[in-house]
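Single-letter residue listing:
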Amino acid sequence: MWSTCTALVFALVAASSFTPAYVLELCQNISPECHSDHNTASNSQSSSHTVKSKWTLNASSLMHDLNQFRVSCKKLLEALPIDKVDGNFVRTVKNCIFSKSIPTPLKGPLRLTAASKDVIEGILDLDASVTRSGDFLHYASGGRLLPGSVPLAHRYGGHQFGYWAGQLGDGRAHFLGQYSNKKGEVWELQLKGSGKTPYSRSGDGRAVIRSSVREFLCSEAMHFLGVPTSRAASLIVSEEPVLRDQFYNGNVKAERGAVVLRLAKSWFRIGSLEILSQSGEINLLRKLLNFVIDEHFPFINPDNPEKYLVFFSTVVNETAHLIAQWMSVGFAHGEKLNIRITQFKPTLLIAVAVLTTGVCNTDNFSLLSITIDYGPFGFMESYNPNFIPNTSDDEGRYSIGAQANVGLLNLEKLLVALIPVLTQTQQKQAKIILKGYANIYQMRVHQIFKAKLGLLGEDEDDNDLIAFLLKVMEDTESDFTMTFRELSEVSAKQLLNKNFTQMWALDDLSHHKHFSDWLNKYLFRLSRQQDDSDLDRQHRMKNVNPRYVLRNWMAESAIRKAERNDFSEVELLHHILSSPFVTQETAEEAGYAARPPQWASRLKVSCSS
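What comes next is a walk through the structure. Remember, it's a predicted structure, so these values are computed and weren't measured experimentally. (Residues numbered from 1 in each chain as written. Predicted model: local features only at pLDDT ≥ 70, side-chain atom pairs only at ≥ 80, totals over all residues. Heavy atoms only, no water.)

## Re the packing of aromatic side chains
No. 1: The final tally for this structure, using the stated rule, is 21 aromatic pairs.
No. 2: With a centroid separation of 4.6 Å and 25° between ring planes, the pair formed by phenylalanine 69 and tyrosine 179 is classed as stacked. With a gap of 110 residues between them, phenylalanine 69 in the loop between helix 2 (44-58) and helix 3 (74-79) and tyrosine 179 in strand 7 (residues 173-180) connect regions that are remote in the sequence.
No. 3: Directly above the ring of phenylalanine 377 sits arginine 214, whose terminal nitrogen or CZ lies 4.0 Å from the centroid.
No. 4: Taking the ring centre of phenylalanine 224 as reference, the NZ or CZ of arginine 231 above it sits at 5.9 Å. (Phe/Tyr/Trp six-rings, centres within 6.5 Å; stacked < 30°, edge-to-face > 60°. Helix = DSSP H or I, 4+ residues; strand = E, 2+ residues; numbered from the N terminus. Lys NZ or Arg CZ within 6 Å of the ring centre and 35° of its normal.)

Listed below in structure tokens is the structure:
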């Protein structure tokens, strides 16, 4: 089992149910370059036509007038207590879940620089043309309130760097209301960067172009990768100066303010419960738990005396699945630890994640197990379990390799928060459930990496085959994304002949002294898969191995242009990352599947935003 200081094996990751989301309406034609058989995953051609026709059929039912669009805060306001003190001034807040807080309008002129058609039309039932209106600019930047909106800031706390940080809360975000769409889905709309709230502490409540571009692009990119995530509807920028010390080195400079309109089924996080438990507000803790269960866990019987235990068990399971999916695409969020290889043999890899300081940020771990609050994230390039996207992380706390252990630590804090509403017997059962987290995660990791290698059925040597590959990748610093993608695209004959022309990642991998040993094992394993053609394997692998991810250097390139009022690359990345499993000519021309530039390896991302 995992202790609080030592986690088990990282090596093998997760998701038999990992199904990439294909929304290809952004391909503006049905040319061979966009939808040809050799460029798409097995079902993408037919699904793309389905999606395009769906949008066509539904176009007449979309709202063309924003005055028809309404949100509601009624359910939250009736179910949960609101801060009795009004005003956006910073204060300690007690005995409530939300505080009323009015957004502070961005100082103009305003500019819509990006919008997600998939969100605007597919979730909000709005025709994309409304985003070109002045009304949309004001509604989506905090200058005007949507009909039905009672803007709120959420009170929550959290453990940061292993210590209880006390009251945190929405310091620069405003909840606008819930929208019930035509599919019967309920989404919560929130502005980020919309000004001060009672929870702003010493902050100014603003966000800058740099961080807002990253949040917009990554929210949407993760969705199309098939990873549970919040969504981003729009990005609006202004000329309002916002002072930031990006690298905390005393170099303060003026950047420009921006606001992202983002959506989630719920913004409640572990820290939402912790602040109530820590403050001794147990009746309110129970009330919030009941609300969350009733709204988001409908399979849990509200009259079941074990409902809080079932809730905890579900969060444990889904958190393990989420972090496994992060690992499957090489995604490093803002709360990671360190991993080191302790033993390697050609058939064995033991990787131990070591908790050096107990880092555990619970304020941005969703109770619904979706990815939220994109900060110093990064997609790994050269495979390195110690990959750290955050320049503020001097001790390697945020490396990719031990995200599973961070999930465990966050769940331990969740259990502590739930103790006041659990019986002694339930507390013991919850601890047993928590001990099962490692097995759930390892199972999901194993399933995901089997899928990434196109392996069918069960073989006792699969763990070793996957671990062997990861070790060879680490030694050769092979690119994580492109190694798996090129394995998806290469034929068995090319593998056998080691013909890796124009396959730079596999060429790097092939220089390892043990590569031939691994390759022979892999080809032998594939040869034993009955009724599985090489073409079927390639198509299957392309479904789970993206060709494009939001690498930090790509985001940085777009940001540098955006800060000069050129948002063309933001638009290009948004378009390309909406179909990450499809080879796209414009992406190839931009070098998004090529070897990263040398300066990419020196790039770090700051928490400052």
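## Some points on the nonpolar core
In globular proteins that are soluble, nonpolar side chains generally tend to be buried together.
No. 1: With 122 residues, the main nonpolar core has Phe268, Leu273, Phe311, Trp518 and Tyr522 as its most contacted residues.
No. 2: Tallying contributions element by element places helix 9 (residues 307-328) first for this core, with 12 residues.
No. 3: Discounting residues that sit within four places of it in the chain, tryptophan 518 has contacts with Leu453, Leu465, Phe468, Leu469 and Leu487.
No. 4: Of all hydrophobic cores here, the second largest spans 26 residues; its members include Met63, Ile120, Leu261 and Leu263. (Core = buried A, V, L, I, M, F, W, Y, C linked by side-chain atoms within 4.5 Å. Buried < 20%, exposed > 50% of the residue type's maximum accessible area, 1.4 Å probe, protein only. Contact = heavy atoms within 4.5 Å.)

## Focus on helix 7 (residues 270-278)
Residues three or four positions apart in an α-helix share a direction because the helix packs 3.6 residues into each turn.
No. 1: Of all 9 residues in helix 7, 8 are buried, a share of seventy percent or more.
No. 2: Those residues of helix 7 lying buried are Ile270, Gly271, Ser272, Leu273, Glu274, Ile275, Leu276 and Ser277.
No. 3: Those residues of helix 7 that are buried are in contact with strand 4 (152-154), strand 5 (157-160), strand 6 (163-167), helix 8 (282-296), helix 9 and helix 10 (403-418).
No. 4: Positioned one or two residues after helix 7, glycine 280 has a phi angle of 75°, which is positive.

## A short note on the side chain of serine 488
No. 1: Within the element layout of this structure, serine 488 appears in helix 14 (residues 480-489).
No. 2: Beyond its immediate chain neighbours, meaning those up to four positions away, serine 488 contacts Gln538, Met541, Lys542 and Asn545.

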